[in-house]
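Survey of secondary and tertiary structure
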Amino acid sequence: MSSSVNSIKKMCVVGAGQMGIGIGLVAARVAKLEVQFVDSNPVQLEKGLSFLDKLLVKDVAKGKCTEDERAEVRSRITSVSAISQISSADFVVEAVSENVELKRKIFAELSESLPENTILATNTSSISITKIASAAKKPENVIGMHFMNPVPVMKLVEIIPGLQTSQATLDTTLDLARKMGKTTAMSQDVPGFIANRLLMPYINEAIIALQEGIATKEDIDTTMKLGTNNPMGPLALADFIGLDTCLAIMKVLHNDLGDSKYRPAVLLQKYVDAGWLGVKSGKGIYEYPAKN
């Protein structure tokens, strides 16, 4: 039987990238959980924790928390470099890149290292929860918990039970999401779930419009911002998400649903091949000069 939310005191976050750091920060600050980050890349781990420290310092500067509160939140956060080094965890959120084999490998390792009643959640934005869960010893304890980026700001979490997910796992995950101050939406375990099933074809179509010379990137984005009241245009949003992530999700939709309408734009593949991944690489559809 899975843990109840009241027994969840410690969360482990696998992956110290932007998503993982955001998830861990909200868990420590809002839900007041102990949080342990795991990342086998020491450079990424240091970079992630440095980013987390900057976010906390910014919160103090903005008056969102006191220096004492910042120190208290930071005291709840630790890190290790391997899954085998996790001291303990009641709930795990995996937040590594969108690669099904990598995720399955991690879930198999987590199953070996942690108590059998630990809930294992994946932050995947498109990959089958059922497929990931089948790598775990107790697939009934596996669930999808898809946070939106940036996690400290965005209110929504998509909750996705796999075919094997137990009701107890689902109930505990829904409660934990609310304890973290999030609003939940439930999706069936289908490619892309709700958000990316709708968002990614929209972004892909905008890239096709650019590819076909229908309009400039600026005019495409301005039309969608001012014409349909979106806070960001689709091309700027693609750069923010990461063009490699957009491509990976489109490939999942295309491969798993088998419908040509989900075929990734040729230009999207070209940008990724060039290493132009968006904001994180300094260049994507737009250019992002380095800040001094």
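Everything numeric here is computed off the predicted structure, so don't read it as measured data. (Residues numbered from 1 in each chain as written. Predicted model: local features only at pLDDT ≥ 70, side-chain atom pairs only at ≥ 80, totals over all residues. Heavy atoms only, no water.)

Some points on empty space enclosed by the protein
Under the defined criterion, the tally for this structure stands at 1 cavity of 30 Å³ or more. Lining the largest cavity are Leu110, Ser111, Leu114, Pro115, Glu116, Thr118, Leu120, Lys137, Lys138 and Asn141. Residue classes in the lining of the largest cavity are distributed as 4 nonpolar, 3 polar and 3 charged. (1 Å grid on protein atoms, 1.4 Å probe; cavity = no way out; pocket = protein on both sides within 12 Å on 5 of 7 lines; lining within 4 Å. Points joined across faces, edges and corners; volume = space filled by probe spheres on them. Nonpolar A, V, L, I, M, F, W, Y, C, P; charged D, E, K, R; others polar.)

Side note on the UniProt feature "binding site: NAD(+)" (unreviewed entry) in the chain
When the UniProt feature table is mapped onto this chain, "binding site: NAD(+)" (unreviewed entry) is found at Gly15, Ala16, Gly17, Gln18, Met19, Gly20, Asp39, Glu98, Lys103, Ser125, Asn149 and Lys280. Checking the annotated residues one by one, the ones that line the largest pocket turn out to be Gly15, Ala16, Gly17, Gln18, Met19, Asp39, Glu98, Lys103, Ser125, Asn149 and Lys280. Inspection of the secondary structure assignment puts Gly20 in helix α1 (residues 18-29). Filtering out sequence-adjacent residues up to four positions away, Gly20 remains in contact with Val13, Gly15, Phe37 and Ala95. Dropping the residues within four chain positions of it, Lys280 is found in contact with Gly242, Asp244 and Thr245. (UniProt positions renumbered as here; feature names shortened; annotations may be inferred. Helix = DSSP H or I, 4+ residues; strand = E, 2+ residues; numbered from the N terminus. Contact = heavy atoms within 4.5 Å.)

Observations regarding the UniProt feature "domain: 3-hydroxyacyl-CoA dehydrogenase C-terminal" (unreviewed entry) in the chain
When the UniProt feature table is mapped onto this chain numbering, "domain: 3-hydroxyacyl-CoA dehydrogenase C-terminal" (unreviewed entry) sits at residues 192-288. In residues 192-288, helix accounts for 62% and strand for 0%; the two terminal C-alpha atoms are 28 Å from one another.

Regarding helix α10 (residues 243-257)
Look at α10: 21 Å from first C-alpha to last across 15 residues, which is about the 21 Å you get at 1.5 Å a residue. Among the residues making up α10, those that are buried are Leu243, Cys246, Leu247, Ile249, Met250, Val252 and Leu253. Where α10 is buried, its residues touch α7 (195-211), α9 (234-241) and α11 (266-273). Taken from the residues just after α10, Gly258 is the one with a positive phi, measuring 65 degrees. (Expected span 1.5 Å × (residues − 1). Buried < 20%, exposed > 50% of the residue type's maximum accessible area, 1.4 Å probe, protein only.)

Side note on the layout of surface pockets
Each pocket or cavity is described by its volume, and for the largest pocket that value is around 1600 Å³. Gln18, Met19, Asn149, Ile241 and Thr245 are, among the 43 residues lining the largest pocket, the residues nearest its centre. Elements represented by at least two residues in the lining of the largest pocket include exactly α1, α2 (42-61), β6 (142-147), α7, α9 and α10. Of the residues that constitute the lining of the largest pocket, the class distribution is 20 nonpolar, 15 polar and 8 charged. By volume, the second largest pocket is sized at about 540 Å³. Looking at the second largest pocket, it is lined by 19 residues, and the ones nearest its centre are Phe51, Leu55, Lys58, Pro152 and Val153.

Quick notes on the nonpolar core
The biggest cluster of nonpolar side chains holds 38 residues, and the ones touching the most others in it are Met11, Ile23, Phe37, Phe91, Met145, Phe147 and Met180. Sequence-distant contacts of Met180, defined by excluding residues within four places in its chain, comprise Met11, Ile23, Val26, Ala27, Val30, Ala31, Met145 and Phe147. Among the nonpolar cores identified, the runner-up in size contains 27 residues, and Ile203, Tyr262, Tyr271 and Ile285 belong to it. (Core = buried A, V, L, I, M, F, W, Y, C linked by side-chain atoms within 4.5 Å.)

Comments concerning a positive patch on the surface
Taken together, the side chains of Lys54, Lys58, Lys62, Lys64 and Lys291 make up a positively charged region of the molecular surface. Among the secondary structure elements, Lys54 is positioned in helix α2. Given a relative accessible area of 56%, Lys54 falls into the exposed group. (Patch = residues over 30% accessible without salt bridge, like charges linked within 9 Å, V, L, I, M, F, W, Y side chains within 5 Å. Areas by Shrake-Rupley, 256 points an atom, 1.4 Å probe, with all protein chains shown as cover. Salt bridge = Lys/Arg side-chain N within 4 Å of Asp/Glu carboxyl O. Lys, Arg positive; Asp, Glu negative; His and termini not counted. Charge placed at Lys NZ, Arg CZ, Asp CG, Glu CD.)

Here's the deal with the pattern of salt bridges
Under the definition given, this model contains 12 salt bridges. Residues Glu72 and Arg76 are paired through a salt bridge, measuring 2.9 Å at the closest nitrogen-oxygen approach. Of the charged contacts, one joins Asp175 and Arg178 as a salt bridge, the two residues approaching to 3.4 Å between their closest N and O atoms. One end of the pair is Asp175 and the other is Arg178, both in helix α6 (residues 167-179) and 3 residues apart, which spans about a single turn. Judged by relative accessible area, which is 48%, Arg178 ranks as partly exposed. Taken together, the salt bridges that share partners define one network made up of Glu94, Glu98 and Lys103.

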